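Secondary and tertiary structure notes
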Amino acid sequence: MRYISTRGKAPVLSFDEAMLTGLARDGGLYLPETVPTMTHDEIAALAGVSYEEAVFRVIWPFLGGALGDEAETREIIAKAYAGFGHVARAPLKQLADNHFLLELFHGPTLAFKDFAMQLIGQMFQAVLKKTGQRVTIVGATSGDTGSAAIEAFAGLDNVDVFILFPHGRVSEVQRRQMTTPDAANVHALALDGDFDDCQAKLKDMFNDFTFRDEVGLAGVNSINFARVLAQIVYYFTSAVALGAPHRKVSFCVPTGNFGDIFAGFLAKQMGLPIEQLIIATNQNDILHRCMESGAYAKQGVTPSISPSMDIEVSSNFERALWWAYGKDGEAVAALMDELQQGGFNVSANAMGALTQTYTSGRASEAETRAEIARVLAESNELICPHTACGTHVARQHLGETPVITLATAHPAKFPAAVEEASGVHAPLPKRMADLYDKPERVTRVENDLAALETLIRERRVS
């Protein structure tokens, strides 16, 4: 299995090389040269198997033996999901006729990012143990990726982890999950700016090749294909639970950076009969506006009660554009150059390709609050603000085909917003009850590349 960049000029890599590299050296994102497919019978055979077995069957063809033989790969997968709090890992609940909720918050940090991050942590450990390398992982987070990365990599050998998050723009629970771990190899950095500033600084570090090579820079944001790969699996398990491949299923995905919904696109490419992939945005609705008009134009980010979606530069949309433009790396690179100046217009042909797979909707702040209260009253389910954006948009697309809305985080990660909307306080699980009592360890940093690189050089283990 070979991996190529969306911009067409970076070296072709194996899976493990692409995973450790993260962002391609031409600024693009890695994707498999060809997407392996599953037959009707192979998809049907996923019914009733453990989640870990489904993970193995779905991701094995992408790996090219990079993690070892089948037994070694199964062991990595088993370790990744051992800490989840539900035996099904990603259980389904019914909200209404043909509307289902896929609970992705039973991992160690109560968010869907755990599905990928726990696996990628074990993958990194396995590969680095074989090679003897040491890497410096730098990540940018709007809230959930950072805590999931810290949980996955804390205390592991051969890895230093630095997580950038926007100061004052994550929930208290999200912040404390990043700042209270005491492992010496993890560092929480509160950046003066918004998530797009964090993400921009991350990309700047990857594009500073001297620094990148000096510290062995690696990334675990959803720019890393291994993250997207792990997320493909729960599309298969949930769809099969509702009758796939014998019937079609649609998914509604609350998204800001487009990685989770792009995993659904790859599941469809692999053969899963997905009718619609519905993009759900909050008030920061650049993806919805683009799907409506063809114009991807920045207007600024406004803080919301669903902060993990407060994103304007959706990195993984580049992967969708690459497919929509017929895998033309030069065209994608030109669009990304235009984005640096404020935005771009998607061509008519590419928009046609996008609308064959994706549709979209948005939820305002008022609609999000009302949706939290409505779901609780009608279905006795307490949901987080991000999930509420999803269920609100999903209800606009209900029909004969079942719609699965991805519940991306536990409501206890956003207790103030949930209580304001519903009147109900969402308690943390017992295993996290002492989160508010632990001391925090965090460094506030300026939005300055040179200062960040100096800090990372000083704090990493050489």
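Everything numeric in this text was worked out from a predicted model, so none of it was measured.

**Considering the overall build of the chain**
- Within the chain, the secondary structure is distributed over 19 helices and 15 strands.
- Dimensions of the chain along its principal axes, counting C-alpha atoms only, are 55 × 50 × 50 Å.
- Across the chain, contacts joining residues at least 24 apart in sequence account for 75% of those joining residues at least 6 apart.
- In the form shown here, the chain has an accessible surface area of approximately 16,500 Å², with 47% of it arising from carbon and sulfur atoms.
- Of the side chains in the chain, 40 bear a positive and 55 a negative charge, and the two mean positions are spaced by 2 Å.

**Points about the sheet that holds strand β4 (residues 99-103)**
- If you walk across this open sheet you meet the 6 strands as β3-β4-β14-β9-β10-β13, and the pairing is mixed. The two strands at the open ends of the sheet, each matched to only one other strand, are β3 (92-96) and β13 (358-362). The mean angle between the axes of side-by-side strands here comes to 25°, regardless of whether they run parallel or antiparallel.
- Where strand β9 (residues 249-254) lies against strand β10 (residues 274-281), 5 bridges are found, and the strand directions are parallel. The partner of C252 across the bridge, within β10, is I278.

**Quick notes on the pairing of β3**
- Bridge count for β3 against β4 is 4 bridges, and the pairing is antiparallel. Bridge pairing links K93 to L101 in β4.
- Counting the residues that bridge the hairpin from β3 to β4 gives 2 residues, and of these N98 lies at a positive phi of roughly 60°.

**Focus on the packing of aromatic side chains**
- Going through the model one piece at a time under the given rule, you end up with 22 aromatic pairs.
- For the ring pair Y81 and F115, a centre distance of 6.2 Å and an interplane angle of 45° mean the geometry is tilted. One end of the pair, Y81, is in helix α4 (residues 70-81); the other, F115, is in helix α5 (residues 113-131), with 34 residues separating them in the sequence. With respect to class, Y81 is no different from F115; both count as buried.
- In this structure an aromatic cluster arises from ring pairing among F258, F262, F265, Y296, F317, W322, W323, F344 and Y358.
- Here the guanidinium or amino end of R74 rests over the ring plane of F56, the centre of that ring lying 3.8 Å away.

**Considering the packing of helix α10 (residues 225-241) against helix α11 (residues 259-270)**
- Where α10 meets α11, the axes come as close as 8 Å, and the angle between the chain directions of the two elements is 65°. Like other packed secondary-structure pairs, α10 and α11 cross with a definite hand, here right-handed. Where α10 approaches α11, its residues F225, V228, Q231, I232, Y234, Y235 and F236 are matched on the opposing element by G259, D260, I261, F262, A263, G264, L266, A267 and M270.
- In terms of residue class, the contact of α10 with α11 is built from 12 nonpolar, 3 polar and 1 charged.

**Looking at the pairing of β9**
- The buried fraction of β9 is high, at 6 of 6 residues.
- Crossover β9 to β10 through α11 is right-handed.
- Of the pairings in the sheet, the one linking β9 to strand β14 (residues 403-407) comprises 3 bridges and is parallel in character. Of the residues in β14, the one forming a bridge with C252 is T405.

**Regarding the sheet that holds strand β15 (residues 443-445)**
- A sheet is described by the order of its strands in space; here 5 strands give the open sequence β8-β5-β6-β7-β15, paired in parallel fashion. Of all the strands in the sheet, the pair left with one neighbour each is β8 (217-218) and β15.
- Across 6 bridges, strand β5 (residues 135-140) lies against strand β6 (residues 159-166) in parallel orientation. Along β6, the bridge assignment pairs V138 with F162.

**A short note on the nonpolar core**
- Counting 120 residues, the largest nonpolar core has F124, F153 and Y358 as its most contacted members.
- Counting residues per element, this core draws most heavily on α10, at 12 residues.
- Residues within four places of F124 in sequence aside, it is in contact with M19, L20, V135, I137, F153, A218, G219, V220 and N224.
- By size, the runner-up hydrophobic cluster in this structure holds 22 residues, among which are A140, L191, L202 and I311.

**Description of the pattern of salt bridges**
- Applying the stated criterion to the full structure yields 23 salt bridges.
- Connected through salt bridges with shared partners, the residues E172, R175, R176 and E440 form a single ionic network.

**Re the side chain of S304**
- Its location among the elements puts S304 in the loop between β11 (295-297) and α13 (317-324).
- Of note is the side chain of S304, whose polar atom sits 3.1 Å from the side chain of N282.
- In contact with S304, not counting residues within four places along its chain, are N282, Q283, D310 and E365.

**Structural notes on helix α3 (residues 51-63)**
- With 13 residues, α3 extends 18 Å between its outermost C-alpha atoms, agreeing within 8% with the 18 Å of an ideal straight helix rising 1.5 Å per residue.
- Along α3, the helix axis deviates most sharply at R57, where the bend reaches about 30°; the proline P61 sits within four residues downstream.
- By the criterion of burial, α3 is predominantly enclosed, with 10 of the 13 residues buried.
- G64 occupies a position one or two residues after α3 and carries a positive phi of about 60°.

The rules behind each value
Residues numbered from 1 in each chain as written. Predicted model: local features only at pLDDT ≥ 70, side-chain atom pairs only at ≥ 80, totals over all residues. Heavy atoms only, no water. Helix = DSSP H or I, 4+ residues; strand = E, 2+ residues; numbered from the N terminus. Contact = heavy atoms within 4.5 Å. Areas by Shrake-Rupley, 256 points an atom, 1.4 Å probe, with all protein chains shown as cover. Lys, Arg positive; Asp, Glu negative; His and termini not counted. Charge placed at Lys NZ, Arg CZ, Asp CG, Glu CD. Pairing = 2+ DSSP bridges. Axes fitted to C-alpha atoms, helices over the stretch in contact; angles between N-to-C directions. Phe/Tyr/Trp six-rings, centres within 6.5 Å; stacked < 30°, edge-to-face > 60°. Buried < 20%, exposed > 50% of the residue type's maximum accessible area, 1.4 Å probe, protein only. Lys NZ or Arg CZ within 6 Å of the ring centre and 35° of its normal. Left-handed = near helix turned anticlockwise from the far one by under 90°. Nonpolar A, V, L, I, M, F, W, Y, C, P; charged D, E, K, R; others polar. Right-handed = clockwise from strand over helix to strand, strands pointing away. Core = buried A, V, L, I, M, F, W, Y, C linked by side-chain atoms within 4.5 Å. Salt bridge = Lys/Arg side-chain N within 4 Å of Asp/Glu carboxyl O. Polar contact = N/O pair within 3.5 Å; in protein donor to acceptor, adjacent residues only side chain to side chain. Expected span 1.5 Å × (residues − 1). Bend = angle between axes of the 7 residues up to and from the residue.

Take it as geometry only, folks, not as evidence of what the structure does.
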